[in-house]
Amino acid sequence: MEHKPASINQTRYVVAELGGVGSYMISTGHVVSGVFDRKIVKRAAARLAQRHTVLRTGFSLENGKIWAHLHPSSDLQTHFLTMPDDDFATFRLHALPLVFQNMDVSNPASLARLVVAQGPTRWRFTFAVHHSLCDGFSRGVIHTEFLKLYVGEELEAVPSYSDYEQPAELVAKNTAYWHEQVAKMPPPLKFTPDAFQNRGDEGRGVFQEAVLGKTPTEIRSFLKTIEGSRFGLLAAAYAITLA
């Protein structure tokens, strides 16, 4: 098992989790039409975890410093649900507690979870991955590869995120630069109390589901014309809802 100092961002989110500030488990997923096979789901999830070091990473606090531990293997914490209907509210009711229960930053299986629900006519899944391990852009990769592995596709090997580690001197230089830039910024925007009054169960967040009117092909064509990304489009839509 490889041990290394956690990155600045990893340290920030892990310290917040350990300090009880709030959970940084972020969930995204899809609704799937077609054959559901629990054994194939388990196999695809296991292969996905083996492909990506980030899904096999845990953390520890040692002498006041956060360390990342890259495990050679780890199973995703996977939960299977059988739903009486295909309604999203029913799925949310049962899935949300599974995302946050028994958090343990030292255990990779606690930081990366898969919830799969089989309904009468379709099935859905959500990956809940801690923000110290995965950002918004990377979640699309996880979903796409999971579905490709589910249908039996062979995927090329990928490098470990630790292969892109920067030298300590460069990290220090970049950190000093961004501290200087942030110091020049205006005071942060403060949201109204409504943002807190309408938060999810126990302040742990909410699940939201949306159906886009246009087809994926039309959306991709539109984004190419504006040189944007799907994540950027969804982030912009989310920002509008906060306005």
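Relevant structure appears above.
This section reports on the structure supplied with the text. (Residues numbered from 1 in each chain as written. Predicted model: local features only at pLDDT ≥ 70, side-chain atom pairs only at ≥ 80, totals over all residues. Heavy atoms only, no water.)

## Notes on the overall build of the protein
Here is step 1 of the chain: Counting its regular elements, the protein contains 9 helices and 7 strands.
Here is step 2 of the chain: Counting all 243 residues of the protein, 34% fall into the buried class.
Here is step 3 of the chain: For the protein, restricting intrachain contacts to residue pairs at least 6 apart in sequence, the fraction spanning at least 24 positions comes to 68%.
Here is step 4 of the chain: Of the roughly 15500 Å² of accessible surface on the protein, a fraction of 57% belongs to carbon and sulfur atoms. (Helix = DSSP H or I, 4+ residues; strand = E, 2+ residues; numbered from the N terminus. Buried < 20%, exposed > 50% of the residue type's maximum accessible area, 1.4 Å probe, protein only. Contact = heavy atoms within 4.5 Å. Areas by Shrake-Rupley, 256 points an atom, 1.4 Å probe, with all protein chains shown as cover.)

## A few points about a nonpolar patch on the surface
Here is step 1 of the chain: A cluster of nonpolar residues, Phe222, Ile226 and Leu233, forms a patch on the protein surface that exposes about 260 Å² of accessible area.
Here is step 2 of the chain: Within the secondary structure layout, Leu233 lies in helix α9 (residues 230-242).
Here is step 3 of the chain: Judged by its relative accessible area of 32%, Leu233 is partly exposed. (Patch = residues over 30% accessible without salt bridge, like charges linked within 9 Å, V, L, I, M, F, W, Y side chains within 5 Å. Salt bridge = Lys/Arg side-chain N within 4 Å of Asp/Glu carboxyl O.)

## Observations regarding the environment of Asp104
Here is step 1 of the chain: Along the chain, Asp104 turns up in the loop between α3 (88-100) and α4 (108-111).
Here is step 2 of the chain: Along the sequence, Asp104 and Phe59 sit 45 residues apart, while their C-alpha atoms lie 8.9 Å from each other.

## Re the sheet that holds strand β4 (residues 65-70)
Here is step 1 of the chain: The sheet built from 3 strands is open, its strands ordered β1-β4-β3 with antiparallel pairing. Single-partner strands in this sheet number two, and they are β1 (2-5) and β3 (57-62). Between one strand and the next, the sheet's axes are offset by a mean angle of 30 degrees, whatever the strand orientation.
Here is step 2 of the chain: Here β3 pairs with β4 via 6 bridges, running antiparallel. The residue bridging Leu61 from the neighbouring strand is Ile66, located in β4.
Here is step 3 of the chain: Taken strand by strand, helix α1 (residues 8-18) contacts β3 and β4, and its axis lies near 105 degrees from that of β4. (Pairing = 2+ DSSP bridges. Axes fitted to C-alpha atoms, helices over the stretch in contact; angles between N-to-C directions.)

## Some details on α1
Structurally, the α-helix is built with 3.6 residues per turn, so residues lying three or four positions apart point the same way.
Here is step 1 of the chain: Every buried residue of α1 is accounted for by Gln10, Tyr13, Val14, Ala16 and Glu17. All buried residues of α1 lie within an arc of 160 degrees about the axis, which places them on one face of the element.
Here is step 2 of the chain: Elements in contact with the buried residues of α1: β3, β4 and β7 (123-130). (Arc of directions from axis to C-beta.)

## A look at the environment of Ala16
Here is step 1 of the chain: As for its position among the elements, Ala16 is in helix α1.
Here is step 2 of the chain: Residue classification places Ala16 among the buried residues on the basis of a relative accessible area of 11%.
Here is step 3 of the chain: Setting aside residues up to four positions removed in sequence, Ala16 forms contacts with Val21, Gly22 and Tyr24.

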